[in-house]
Amino acid sequence: QVQLVESGGGLVQAGGSLRLSCAASGRTFSSYAMGWFRQAPGNEREFVAAISWRGDSTNYADSVKGRFTISRDNAANTVYLQMNSLKPEDTAVYYCAATASRFVVTTHLRYDYWGQGTQVTVSS
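Only a predicted model underlies this, so the values are computations on that prediction, with no experimental measurement involved.

J.: Could you give an account of the sheet that holds strand β1 (residues 4-7), naming the residues involved and the relevant values?
T.: The 4 strands are arranged β1-β3-β8-β7 in an open sheet whose pairing can be described as antiparallel. The open sheet is flanked by β1 and β7 (68-73), the only strands paired with a single partner. Going across the sheet, the axis of each strand differs from the next one's by a mean of 15°, ignoring polarity. Alignment of β1 against strand β3 (residues 18-24), held across 4 bridges, turns out to be antiparallel. If you follow Leu4 over to β3, its bridge partner there is Ala24.

The following block contains the structure:
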């Protein structure tokens with residue numbers, strides 16, 4: 001069982017930066033690949049970024065490539081999403097998720113555990 005708690009969301013102007021954190025409970029955090037997803041009102045949940053269990057492989061949605069960076073600290077049971085050059089279209093609730101697959105997974109259907117989400121709002 002893994003419990004996930006996101007933090008770091010907020011209101012930022014376009015071009016600004018935010019760093020999201022996702023703290024995980026459980027001794028097996030390091031065996032899970034992790035992902036970030038987002039959902040804007042009226043839209044489906046979409047993939048943002050994912051990282052393998054050892055942190056040696058990552059994958060990004062085209063819309064965030066070059067602006068967002070996912071990383072993890074297994075000793076601290078935490079995964080991060082550094083978001084730079086934010087745009088109004090990045091506005092959404094951001095969720096972190098854990099999958100028992102050790103490798104990068106981009107579909108939300110394969111994730112086993114989810115956090116409650118954190119709101120990111122980018123003003124123009």
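J.: Describe the packing of aromatic side chains, with residues and values.
T.: Enumeration according to the criterion identifies 6 aromatic pairs in this entry. Aromatic side chains Tyr32 and Tyr113 sit 6.0 Å apart centroid to centroid with 70° between the ring planes, which places their arrangement in the edge-to-face category. Here Tyr32 is found in the loop between β3 and β4 (33-39), whereas its partner Tyr113 is found in strand β10 (residues 113-114), with 81 residues between them in sequence. Here the two residues Tyr32 and Tyr113 agree in accessibility, since each one is buried. Ring centres 5.1 Å apart and planes at 80° place the aromatic pair Phe37 and Tyr111 in the edge-to-face group.

J.: Can you explain the side chain of Asp90? Please cite residues and give values.
T.: Note on placement: Asp90 falls in the loop between β8 (78-83) and β9 (92-99). By relative accessible area, Asp90 is classed as buried at 1%. Within the structure, the side chain of Asp90 is placed 2.9 Å from the side chain of Arg38, a separation counted as a polar contact. The residues contacting Asp90, other than those within four sequence positions of it, are Arg38, Arg67, Phe68, Ser85, Val120 and Val122.

J.: Got a sec to walk through the pattern of salt bridges? Specific residues and values, please.
T.: All chains considered together, the criterion is met by 5 salt bridges. Put simply, Glu46 and Arg38 hold a salt bridge, and the shortest N to O gap is 2.6 Å. Judged by relative accessible area, which is 4%, Arg38 ranks as buried. Among the ionic pairs, Lys65 bridges to Asp62, the shortest N-O distance being 3.1 Å. We note that Lys65, like Asp62, is exposed. Ionic contacts of the salt-bridge type, sharing partners, join the residues Arg38, Glu46, Arg67 and Asp90 into one network.

The rules we used
- Residues numbered from 1 in each chain as written.
- Predicted model: local features only at pLDDT ≥ 70, side-chain atom pairs only at ≥ 80, totals over all residues.
- Heavy atoms only, no water.
- Pairing = 2+ DSSP bridges.
- Helix = DSSP H or I, 4+ residues; strand = E, 2+ residues; numbered from the N terminus.
- Axes fitted to C-alpha atoms, helices over the stretch in contact; angles between N-to-C directions.
- Phe/Tyr/Trp six-rings, centres within 6.5 Å; stacked < 30°, edge-to-face > 60°.
- Buried < 20%, exposed > 50% of the residue type's maximum accessible area, 1.4 Å probe, protein only.
- Polar contact = N/O pair within 3.5 Å; in protein donor to acceptor, adjacent residues only side chain to side chain.
- Contact = heavy atoms within 4.5 Å.
- Salt bridge = Lys/Arg side-chain N within 4 Å of Asp/Glu carboxyl O.

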